[in-house]
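# Observations on chain architecture
The primary structure of each chain is shown beneath.
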Amino acid sequence: MSEEAESGTMEGKPVVLVEGLHKRFGATHVLKGIDLAVEKSQVVCVIGPSGSGKSTLLRCMAFLDRYDEGRVFIENRLLGYRETDGELTRDSERNIDSVRSVIGMVFQHYNLWPHMTALGNVTEALRVVRKLGRREAEHIGMEMLGKVGLNDKAHDHPARLSGGQQQRTAIARALAIRPHVMFFDEPTSALDPELVGEVLQVMQELASEGMTMVVVTHEMGFAAHVADEVVFMDDGEVVERGSPDDIFKRPRSDRLREFLDTWRSRAI
Amino acid sequence: MSFDIDIVFRYGPLLLSGLWTTVYVCALASLLAVAAGLAAALLYGLPFRAVKLLCRAYIEIMRGTPILILLFILYYGGPSAGLTLEAETVGIVGLGFYGGGYFAEIFRAGFQSIPPGQIEAARMLGIPRPAIVARIQIPQMLTLIIPPSTNQVIILTKESALLSIITVAELTKNTTQMVNETFAVVEPYVAVALLYWLIIEGIALAGGALERRFSRAS
Ligand SMILES: Nc1ncnc2c1ncn2[C@@H]1O[C@H](COP(=O)(O)OP(=O)(O)O)[C@@H](O)[C@H]1O
Ligand SMILES: [Mg+2]
């Protein structure tokens, strides 16, 4: 893994590279040395029991939580810290913003801004960060809302949208800045069952267009069909990783078998 | 007992000049109070313990000290610390920072009412902190903070009567002068009470209008 990092100029360098990541909340050791590489256009699904550290991993990969040890590289740039002689010091807000500007993040609870319309949510970063004029921003915004099938809801506020529509708006908002990689943290877990499909469909389309994606999910069907690699986490560690077939049909560890059994019995 | 309206008219210019002083001193002090309160609330939210403590100290001192004592310290104690300010300036600065202690708490409650996930979403999009405050946090907390803010400006305006003690020629000071010169008591104090009531009613109306405007928007 570290050899890949050093020869980072070569073709096929990972878009996201996580090395030996540790995270503690006080005395709780939440991430215990995570390694992960996500290549361009790859879809990596992270599964695992609740409390295993999936959200924390994703948040550290976006530096919404600071990690304690290890490295996160986004397109070969160290995220969150500056490294001098092996010592990590916290990077400036500006550099952090710059490194993570290629990440689009979608949260479990959408986190839309309720005082703005769907279109306002999608265009906010275009206007404030990219400093586009209203017309141009709204043109792009409508294009993004079209992508997630919400053209007709552009002028509605989030409170008037269903959960599925809100999450699709959140996806459009993240896409508006043209990210190179998308992080999803259980994007369908807060949705009523009948609304899950519309969000997964949008995500599947993104994947088929070649978007690089890291998806924390409990949707095993989605993982089985869309993922290039499935990572199974338990208790802050990656216990097993492999193709969907490996993970779902040929689990090697007891922990994964047990997890899948629990999940199957719950799904029936 | 009769009410001699003529005295009031004779002293009209003095009262109006006091009214004007009260209005602009309170307006400037309110602006300062909002700015200081917003700054303290924002600094309080930073992840630095020393800064947090400093903000806490500021808020506690402002809320725990009578405004008159703060004014005395500034006005009479200032010169010994090399700080000689005009009475009016002391009034604006004193009332402003005093009110800031209360506005800090109003803004802090406002900021706390916004789910942190909304801020994280904004940070992930690279939206700079000032824009997050101005475009995402403050617009959403307006309906929450306008009523207590209106109240705070009203309190500040009433407290401004104390500036008469440090010789600011505001409404109360000029009224006292009128009492001293005419030996009338009822007319001056009834007149001044009416004038204060007018100012306060104006503030309340403005606050109510703002509240309606922003509750319709959200
Ligand atoms: N901000 C936090 N402070 C303290 N503990 C936390 C915090 N966030 C998560 N944890 C703990 O870290 C562990 C992993 O949580 P999380 O990453 O949310 O798991 P998952 O997403 O897999 O359900 C849990 O034990 C949780 O209680
Ligand atoms: Mg989680």
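Residues numbered from 1 in each chain as written. Chains lettered and ligands numbered in written order. Predicted model: local features only at pLDDT ≥ 70, side-chain atom pairs only at ≥ 80, totals over all residues. Heavy atoms only, no water.

This next bit is on a nonpolar patch on the surface. Residue and element names in this part refer to chain B. Residues Phe3, Ile5, Phe9, Val185, Val186, Tyr189, Val190, Leu194, Trp197 and Leu198 make up a contiguous nonpolar surface patch of roughly 970 Å² in combined accessible area. Of all the secondary-structure elements, those providing two or more residues to the nonpolar patch are helix H1 (5-10) and helix H9 (186-217). With 6 residues, H9 is the largest single contributor of residues to the nonpolar patch. Position of Val190 among the secondary structure elements: in helix H9. A residue is classified by how much of its surface remains accessible, and Val190, at 37% relative accessible area, is partly exposed. (Patch = residues over 30% accessible without salt bridge, like charges linked within 9 Å, V, L, I, M, F, W, Y side chains within 5 Å. Areas by Shrake-Rupley, 256 points an atom, 1.4 Å probe, with all protein chains shown as cover. Salt bridge = Lys/Arg side-chain N within 4 Å of Asp/Glu carboxyl O. Helix = DSSP H or I, 4+ residues; strand = E, 2+ residues; numbered from the N terminus. Buried < 20%, exposed > 50% of the residue type's maximum accessible area, 1.4 Å probe, protein only.)

So, about the nonpolar core. By size, the foremost hydrophobic cluster in this structure holds 54 residues, and its most contacted members are Val16(A), Leu21(A), Met61(A), Phe183(A) and Ile127(B). The biggest single contributor to this core is strand S2 (residues 28-38) of chain A, with 6 residues. Beyond its immediate sequence surroundings of up to four residues, Ile127(B) is in contact with Trp113(A), Glu124(A), Ala125(A), Val128(A), Val129(A), Ala122(B), Ile132(B) and Ile136(B). By size, the runner-up hydrophobic cluster in this structure holds 51 residues, among which are Ala137(A), Leu150(A), Ala172(A) and Ala207(A). (Core = buried A, V, L, I, M, F, W, Y, C linked by side-chain atoms within 4.5 Å. Contact = heavy atoms within 4.5 Å.)

Each partner contributes to the interface: chain B provides 17 residues, whereas chain A provides 23 residues. Carbon and sulfur atoms supply 61% of the area buried between chain B and chain A, which totals about 1,900 Å² over both sides. Taken as a group, Arg123(B), Met124(B) and Leu125(B) account for 38% of the area that chain B buries against chain A, more than any other trio of residues on that side. Taken together, the connections running from chain B to chain A amount to 3 salt bridges. Note that Arg135(B) is salt-bridged to Glu124(A), the shortest N-O span being 2.5 Å. (Buried area = accessible area lost by both parts, 1.4 Å probe.)

This paragraph deals with the site of ligand 1. Residues and elements named next belong to chain A. If you check the shell around ligand 1, you find Phe25, Val30, Pro49, Ser50, Gly51, Ser52, Gly53, Lys54, Ser55 and Thr56 and nothing else. Residue Ser52 places a main-chain N or O atom 3.2 Å away from an oxygen atom belonging to ligand 1. At a separation of 2.8 Å, an oxygen atom of ligand 1 approaches a polar side-chain atom of Ser55. Out of a free accessible area of 560 Å², ligand 1 has 56% covered by protein chains. Element by element, the count of residues in the shell around ligand 1 is highest for helix H2 (residues 54-61), at 3 residues. Looking at the shell around ligand 1, its residues break down into 3 nonpolar, 6 polar and 1 charged. (Near = heavy atom within 4 Å. Polar contact = N/O pair within 3.5 Å; in protein donor to acceptor, adjacent residues only side chain to side chain. Nonpolar A, V, L, I, M, F, W, Y, C, P; charged D, E, K, R; others polar.)

Residues and elements named next belong to chain A. Spatially, 6 strands are ordered S8-S9-S10-S3-S11-S12 in an open sheet, and the strand pairing comes out mixed. Each end of this open sheet is capped by a strand with a single partner; those strands are strand S8 (103-106) and strand S12 (237-242). Within this sheet the neighbouring strands show an average axis-to-axis angle of 15 degrees, counted without direction. Alignment of S8 against strand S9 (residues 181-185), held across 4 bridges, turns out to be parallel. Bridging across to S9, Met105 finds its partner in Phe183. With respect to the sheet, helix H7 (residues 193-208) is in contact with strand S3 (43-47), S9 and strand S10 (212-216), its orientation differing from that of S10 by roughly 145 degrees. (Pairing = 2+ DSSP bridges. Axes fitted to C-alpha atoms, helices over the stretch in contact; angles between N-to-C directions.)

Below, the discussion takes up the sheet that holds strand S5 (residues 77-78) of chain A. All names here are of chain A. The strand order across the open sheet formed by 4 strands is S2-S1-S4-S5, and the pairing between neighbours is antiparallel. If you trace the sheet from one side to the other, it starts and ends with S2 and S5, each paired once. Note that strand S1 (residues 16-25) and strand S4 (residues 69-74) share 5 bridges and pair antiparallel. For Leu17, the partnering residue across the bridge sits in S4 and is Phe73. Across the sheet, H2 lies against S1, S2 and S4, angled at about 120 degrees from S1, the strand it touches most.

Bringing unusual backbone geometry into the picture now. Residue and element names in this part refer to chain A. The phi dihedral of Asn111 is positive, around 55 degrees, even though this residue is not glycine. Along the chain, Asn111 falls in the loop between S8 and helix H4 (118-128). Exposure remark for Asn111: the relative accessible area of 13% places this residue in the buried category. Unusually for a residue other than glycine, Lys131 sits at a positive phi of about 55 degrees. Secondary-structure assignment places Lys131 in the loop between H4 and helix H5 (134-147). Judged by relative accessible area, which is 65%, Lys131 ranks as exposed.

Below, the discussion takes up the packing of aromatic side chains. Residue and element names in this part refer to chain A. Considering all chains together, one arrives at 10 aromatic pairs over all chains under this definition. With a centroid separation of 5.3 Å and an interplanar angle of 35 degrees, the aromatic rings of Phe232 and Phe259 are classed as tilted. Taken together, the residues Phe232 in strand S11 (residues 229-234) and Phe259 in helix H10 (residues 254-267) connect sequence positions 27 residues apart. Of the two residues, Phe232 and Phe259, both sit in the buried class. (Phe/Tyr/Trp six-rings, centres within 6.5 Å; stacked < 30°, edge-to-face > 60°.)

Our focus in this paragraph is the pattern of salt bridges. For the structure on display, the rule yields 24 salt bridges over all chains. One salt bridge connects Arg252(A) with Glu240(A), and the closest N-O pair in it is separated by 3.6 Å. Of this pair, Arg252(A) sits in the loop between helix H9 (244-249) and H10 while Glu240(A) is found in strand S12, placing the two residues 12 residues apart along the sequence. A salt bridge links Arg264(A) to Asp261(A), with the nearest nitrogen and oxygen atoms 3.9 Å apart. Of this pair, Arg264(A) and Asp261(A) are both found in helix H10, 3 residues apart, which corresponds to roughly one turn of the helix. Each of Arg56(B), Glu60(B), Arg63(B), Glu105(B) and Arg108(B) takes part in salt bridges that share partners, so that together they form one network.

Note that every value here comes from positions in space, so none of it alone points to a role or purpose.
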